[in-house]
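Here is how the chains run, residue by residue.
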Amino acid sequence: MLVQAYNILRSYNSGEARQDALKGCSFSIDDGDFVAITGPSGSGKSTLMNILGLLDRPTEGQMSFCGKNVDELSVRKRAEIRNKEIGFVFQSYNLLQRHTAFENVELPMVYAGIGKNERRKRVFELLDTMDLKARHSNYPRELSGGEQQRVAIARALANHPKLVLADEPTGALDSERGNQILSLFQKINQGGHTVVIITHDDAIAARAKRILRLRDGQIIEDFRPNGADELDPLKPLAPTIGPKLPPLVLR
Ligand code: ADP
Ligand code: MG
């Protein structure tokens, strides 16, 4: 089990009003799964991703990552886990504009203390996988949207993360480019990474192994489309949602 989340609640205090972005979400994510989190705008998808990515802490509830309770860890320890084990992809790519494709992919490895030769080898491998080898010395503004997103995906994979989290990764692309990006995530998943993508596009979500649907800060559906369960009869079914989930035992 990669992630276990129990009764996650997240509220924001904006002035007088309290906004409950997540209202008690319980779920777990298996190692090697490919989950699409879907739901209308404002349903809490990005809030959930920030919590899954250890960028944010729930107001209430418990979360474990790789069997470790991460709620009580220091900011520094959480950043360390994040840099090593989690890769992020965003709708707007979030590349550093003054750095080349090569440097953007290299940077997480610099932070992780990986030596120069190893970094160089890995950057070229990743750019090659993303079909971008010829673009290594280009700056983001010289690349198309699809190319920039592929650089961002290469960067997310730099430190061999267990979990790849993508918030609306196809949101800024036309449907053909979007489908190509989704095929890359499927390939990444087949390579052993657990993938969680956020999308409000049902056609994109349908290509994942499992769909978690949010509405108003709650999980309203949790299922495997396309008979994904039949493919692997030994694999336990996704846990049922909400109060049916047994309480989490955290060490
Ligand atoms: P989604 O990604 O599904 O569009 P979000 O997670 O961004 O939804 O937001 C869920 C709810 O929480 C929305 O009502 C949004 O307005 C609110 N919200 C998100 N971030 C903040 C914040 N920093 N401060 C106050 N309210 C927020
Ligand atoms: Mg969002």
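Up top is the structure these notes are about.
Residues numbered from 1 in each chain as written. Chains lettered and ligands numbered in written order. Predicted model: local features only at pLDDT ≥ 70, side-chain atom pairs only at ≥ 80, totals over all residues. Heavy atoms only, no water.

**Student:** Even after reading the chapter, I still don't get the sheet that holds strand S5 (residues 68-69), so can you show me in this structure?
**Tutor:** Strands pair in a sheet through their backbones, by hydrogen bonds, and they do so in one of two ways: parallel or antiparallel. Strand order in the open sheet formed by four strands is S2-S1-S4-S5, and the pairing between neighbours is antiparallel. Of all strands in the sheet, those with a lone pairing partner are strand S2 (17-29) and S5, marking the two edges. Strand direction decides the pairing type here: strand S1 (residues 3-14) and S2, joined by 10 bridges, are antiparallel. The partner of Tyr 12 across the bridge, within S2, is Gln 19. Docked against the sheet, helix H1 (residues 45-52) engages S1, S2 and strand S4 (60-65), running at close to 60 degrees with respect to S2. (Pairing = 2+ DSSP bridges. Helix = DSSP H or I, 4+ residues; strand = E, 2+ residues; numbered from the N terminus. Contact = heavy atoms within 4.5 Å. Axes fitted to C-alpha atoms, helices over the stretch in contact; angles between N-to-C directions.)

**Student:** What should I look at first to understand the site of ligand 1 in this one?
**Tutor:** Taken together, the residues surrounding ligand 1 are Tyr 12, Gln 19, Ala 21, Pro 40, Ser 41, Gly 42, Ser 43, Gly 44, Lys 45, Ser 46 and Thr 47. Measuring from an oxygen atom of ligand 1, one finds a side-chain N or O atom of Gln 19 at 3.1 Å. Of all the secondary structure elements, the ones that give two or more residues to the shell around ligand 1 are S2 and H1. Among the elements that line the shell around ligand 1, the one with the most residues is H1, at three residues. When the residues that make up the shell around ligand 1 are grouped by side-chain class, the tally is three nonpolar, seven polar and one charged. (Near = heavy atom within 4 Å. Polar contact = N/O pair within 3.5 Å; in protein donor to acceptor, adjacent residues only side chain to side chain. Nonpolar A, V, L, I, M, F, W, Y, C, P; charged D, E, K, R; others polar.)

**Student:** Even after reading the chapter, I still don't get the pattern of salt bridges, so can you show me in this structure?
**Tutor:** Two side chains carrying opposite charge are able to pair once their charged atoms lie near each other. According to the stated counting rule, one finds 14 salt bridges in the structure shown. Across the salt bridge formed by Asp 56 and Arg 10, the nearest N and O atoms sit 2.7 Å from each other. Residue Asp 56 is found in the loop between H1 and S4, and its partner Arg 10 is found in strand S1; the two are separated by 46 residues along the sequence. The class of Arg 10 is buried, set by a relative accessible area of 16%. Across the pair Glu 176 and Arg 177 runs a salt bridge, and its minimum N-O distance is 3.9 Å. One salt-bridge network, held together by shared partners, links Lys 121, Arg 122 and Glu 125. (Salt bridge = Lys/Arg side-chain N within 4 Å of Asp/Glu carboxyl O. Buried < 20%, exposed > 50% of the residue type's maximum accessible area, 1.4 Å probe, protein only.)

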